[in-house]
Amino acid sequence: MSQETEAFINHLIAQMTPEEKIGQLNQYSADPELAPDLLRQGKVGSLFNASGALTGHGFSDSGNAEISNHFQKIALESRLKIPLILGRDVIHGFRTVFPIPLAQAAAFNPELASEAASVTAREATANGIKWTFAPMLDIARDPRWGRVAEGNGEDPFLGAQMAAAVVKGFQGDRFSAPDKLVACAKHYVGYGAAEGGRDYENGEISEPTLRDVYLPPFRAAIQAGAGTVMSAFIDLNGIPATADRRLLTEVLRGEWGFEGFVVSDWESIKELIAHGVAEDEAHAGLLALKAGLDMDMVSGVYHNTLGESLRQGKISPEILDEAVRRILRIKHRAGLFEHPFTDTTRISRDILTPEARALARTAARQSMVLLKNNHNLLPLQGFRRILIAGNFIHARGELFGTWTPDGRSEDVTPLDEALRHTTPKGVELWFADSPDLAQNLTHYVDAVVLLIGEHPARSGENCNVSDLSLPPGQAEFVEAVAGLGKPLTVVIFAGRPLAITRQISQADAVLYGWHPGIEGAAALGELLFGTESPSGRLPITFPRATGQVPIYYNRKNSGRPIRNEGLFRTRYLDLPPVPLFPFGFGLGYTQFEYANLKLSHETLRGTLEVSAEVTNTGARPGVEVPQLYVRDLVGSLTRPVRELKGFQRVLLQPGETQRVRFTLQEADLAFTRSDGTFGVEPGGFHVWIAPDSQRGLQGEFRL
Ligand code: BGC
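This is a predicted model, so every value here is computed, not measured. (Residues numbered from 1 in each chain as written. Predicted model: local features only at pLDDT ≥ 70, side-chain atom pairs only at ≥ 80, totals over all residues. Heavy atoms only, no water.)

K.L.:
Can you lay out the nonpolar core for me, pointing to particular residues and giving the numbers?
P.N.:
Judged by nonpolar contacts, the single largest core of 148 residues is most densely connected at Y188, L371, I492, I500, Y512 and W514. If one sorts the elements of this core by residue count, helix 7 (residues 156-171) sits on top with eight residues. Setting aside its immediate chain neighbours within four residues, I492 contacts I452, G453, L470, L498, I500, V510, L511, Y512, G513 and W514. In terms of nonpolar packing, the next biggest core, distinct from the first, is built from 49 residues, L399, L415, L429 and A447 among them. (Core = buried A, V, L, I, M, F, W, Y, C linked by side-chain atoms within 4.5 Å. Buried < 20%, exposed > 50% of the residue type's maximum accessible area, 1.4 Å probe, protein only. Helix = DSSP H or I, 4+ residues; strand = E, 2+ residues; numbered from the N terminus. Contact = heavy atoms within 4.5 Å.)

K.L.:
Before we move on, could you go through the sheet that holds strand 16 (residues 509-512) and cite the residues and values that matter?
P.N.:
Pairing is mixed in the open sheet, where six strands are placed in the order 11-16-15-14-12-13. Looking at strand neighbours, the two that pair on one side only are strand 11 (369-373) and strand 13 (428-432), the edges of this open sheet. Recorded for the sheet is a direction-independent mean angle of 15° between the axes of neighbouring strands. Contacting strand 12 (385-389), strand 13, strand 14 (447-453) and strand 15 (488-493), helix 17 (residues 415-422) runs over the sheet at an angle of about 165° to strand 13. (Pairing = 2+ DSSP bridges. Axes fitted to C-alpha atoms, helices over the stretch in contact; angles between N-to-C directions.)

K.L.:
Describe the site of the ligand, naming the residues involved and giving the relevant values.
P.N.:
Close contacts around the ligand come from 13 residues, with D89, R147, K186, H187 and D265 the closest. Between the ligand and D89 there is a distance of 2.5 Å, counted from an oxygen atom to a side-chain nitrogen or oxygen. Contact with the protein chains covers 94% of the free accessible surface of the ligand, which is 310 Å². Across the shell around the ligand, the residue classes break down as seven nonpolar, one polar and five charged. (Near = heavy atom within 4 Å. Polar contact = N/O pair within 3.5 Å; in protein donor to acceptor, adjacent residues only side chain to side chain. Areas by Shrake-Rupley, 256 points an atom, 1.4 Å probe, with all protein chains shown as cover. Nonpolar A, V, L, I, M, F, W, Y, C, P; charged D, E, K, R; others polar.)

K.L.:
So what's going on with the sheet that holds strand 27 (residues 697-702)? Which residues, and what values?
P.N.:
One open sheet holds the four strands; their spatial order is 21-20-26-27, and the pairing between them is antiparallel. Each of the sheet's edge strands pairs with one partner strand only, and the pair in question is strand 21 (643-647) and strand 27. Looking at each pair of strands side by side, their axes are set apart by 25° on average, direction ignored. Note: strand 20 (residues 627-632) against strand 26 (residues 684-690), six bridges, orientation antiparallel. Residue pairing in the sheet places D632 in a bridge with F685 of strand 26.

Shown next, in the form of structure tokens:
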């Protein structure tokens, strides 16, 4: 906490009327109908969707920054001249659209995600935005939930690494820098546990699971300095997150020392009435404010009710001051009092630069996951005529994925064109956009590549599905061309793991492309034709069928553990008990072997080094992602069968061997114990260095 900031905001708060204080607690979505007088009277603390909201509505590029400045100017006409903080959902890129967050997690490269967030911050701030509602840090174990696309998948360790990296990318060392944004860790917390994968649905998470699985990414974001947090829509364990004092105040502030502010999700304060914990708006406002919820997104409940609650003594002046203080603190730290306006000339320099596009290409390339590659069909070599078919062959904006209000289709090279650019000389590409045509043409070509998957409009907020199969019209392509004797590659674009068991058995090669962003088409071309190699790994388990979810690698063993045989074991009668592909899985264009696992000690005292040799045994250079897992064999509470504790990306030349080293600390083994405390328990552990969460070299040590 800087003394200068505290002195400044204390001085300001001392001059504020109760109305002005309550004013700071309101956020509205900017639209042309928003009454400017509200701003002039100091009754608005934040607007969002000001800049960019009108993109595509006849405004010029630089219009975005001008619109932001326009609103800011009116706010500065208020008595105390307190600037607005202007927000927006800048989730995985602004004009330069990066792969969806789930895909970025698949790169197992937090540094790259950080660079992407940094580019995003530059573009967004050039458009007058100072606050993004990202990163989304919700652990998701159920891909029916549409928002699985927006997060980092199922693992708390990977999630925490990504959280810290992305916060740093958005905010830099100081988010007052003109090209940096205030980050918002959302949705706090447990949102991904919505029952049945139905967005906004209730959920139940036990305290140990909440603390050891769902909270760590948020904690990492706070430790990395995230300025704000957004509460989740969910009713978790009977308490809507927006009114959960224990989580918003005791854990977030008390345990973690968070000094920024908490914003509600869209109307989630008013929704406390529908949840059935508040009688009316006034009651909802009291519950939220007392829980530690500082800013009301859109619902107007604070605006409508807090004045009266204050007069009636239902809230103390101190609690109001505290909420105001947190908001002003972030505004001051963001430099808004000194530099409230955006330099409108930045748009011409900072948007869609060649460097940004190159980074988006790298991110797309590293995020794609090769799931199958029989007889090394990929990269495609030695084929003279290749048929490219599927619903995605002309895709442009369809490659963006969810939450890309500022991406523009015209910035994307369509897939067919991008593939033509990357096709080696002498290779003819044919195209077919219907299964019938694809079937006919297959007879005349040497190989077939299908580009299929799910439209971005089918993933993201409230885009849940009850069936994880490919959407209608997609599997038909595979049915039409499979079995005709031509080598078949299937590329799947999607915002979630789909249940592609049948397509995996039909195709010779399958590449999971996610929604790869603005450079996705070019990146795909590089991978298909082998100028680059795939290196992505799954950040989430792939089920065989919808009925297997929730399915995730860090489950508990049970008393009758999963095995392929045996009667009274946890199982389905109609499906193998294991997923289609485990967490951490992914192939490349070469092979790797793991050997000679070594532990520096038999007992962990302080630190333990775990290392293994990884050799590239194939004929091409390639990136392998060795992963460190542990299992705590006996605990006061049952422990996961494996937990990720480290990973690396290692580039190896053909024949090259490298010893990869990980260091385990005692603290890495801590968990929420049966008495509710967090710490380690002495005993035996298994440890693996592994290519994915199901395989690997196993060792053991004691603590
Ligand atoms: C979403 C948030 C988003 C907010 C503002 C809500 O519906 O849940 O993730 O940041 O809208 O657009």
